[in-house]
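# Summary of structural features
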Amino acid sequence: GRQSQALLNCAACVASQAFAMREQPQMEPKLGTRAKSAAGGAIALALSALPHAPASAAKPPYGNCVAVTKQEYDSAKKQHMLRTRYTEYVRTGLPGRRQYWYCR
């Protein structure tokens, strides 16, 4: 929500400030150890607030489906076996993030 957006904005500004400091000549004073750890902590906090799920955690379309490879799905499609009397292959997700399932 709003809190995670604020954390992202804060992490972005801390990261951009750290990047800008690296580009400046070495005559400027360097960041102290406390400032470095605070910046690292803010970035870590912002990243941990982001929702993330591995690709393998996709939910099957039905309870009795198992994940299969794209190659297996394409092979079944080529053989006109995407749907049989008791089984079917299902493709879910958006282009570029597809999941393929074999359902009984």
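Summary of the structure given here. (Residues numbered from 1 in each chain as written. Predicted model: local features only at pLDDT ≥ 70, side-chain atom pairs only at ≥ 80, totals over all residues. Heavy atoms only, no water.)

## Comments concerning the overall build of the protein chain
When you go through the protein chain residue by residue, the secondary structure sums to three helices and three strands. Counting from the amino terminus, the protein chain carries its helices and strands in the arrangement α-α-β-α-β-β. By the burial criterion, 16% of the 104 residues in the protein chain qualify as buried. About 8,600 Å² of surface is accessible on the protein chain, with carbon and sulfur atoms providing 58% of the total. (Helix = DSSP H or I, 4+ residues; strand = E, 2+ residues; numbered from the N terminus. Buried < 20%, exposed > 50% of the residue type's maximum accessible area, 1.4 Å probe, protein only. Areas by Shrake-Rupley, 256 points an atom, 1.4 Å probe, with all protein chains shown as cover.)

## What about the nonpolar core?
Within the largest apolar cluster, six residues are counted, these being Val68, Tyr73, Ala76, Tyr89, Tyr100 and Tyr102. Elements with a contribution of two residues or more to this core: helix 3 (70-78) and strand 3 (99-103). For Tyr89, the residues in contact, after removing those within four places along its chain, are Val68, Glu72, Tyr73, Ala76, Met81, Leu82, Trp101 and Tyr102. (Core = buried A, V, L, I, M, F, W, Y, C linked by side-chain atoms within 4.5 Å. Contact = heavy atoms within 4.5 Å.)

## As for the state of the cysteines
Summed over the entire model, instances satisfying the criterion amount to one disulfide. Cys65 shares a disulfide with Cys103; S-S distance 1.9 Å. Between Cys65 and Cys103, the disulfide has an S-S torsion of 110 degrees and is therefore right-handed. Of this pair, Cys65 sits in strand 1 (residues 65-68) while Cys103 sits in strand 3, and the two are 38 residues apart along the sequence. (Disulfide = S-S within 2.5 Å.)

## Examining the sheet that holds strand 3
Two orientations exist for strands paired in a sheet by backbone hydrogen bonds: parallel and antiparallel. Strands sit in the order 1-3-2 across an open sheet of three strands; the sheet is antiparallel. Every other strand in the sheet has two partners, leaving strand 1 and strand 2 (88-92) as the edge strands with one partner each. Direction aside, the axes of adjacent strands within the sheet are offset by 35 degrees on average. Judged from the five bridges that link them, strand 2 and strand 3 form a sheet pairing that is antiparallel. (Pairing = 2+ DSSP bridges. Axes fitted to C-alpha atoms, helices over the stretch in contact; angles between N-to-C directions.)

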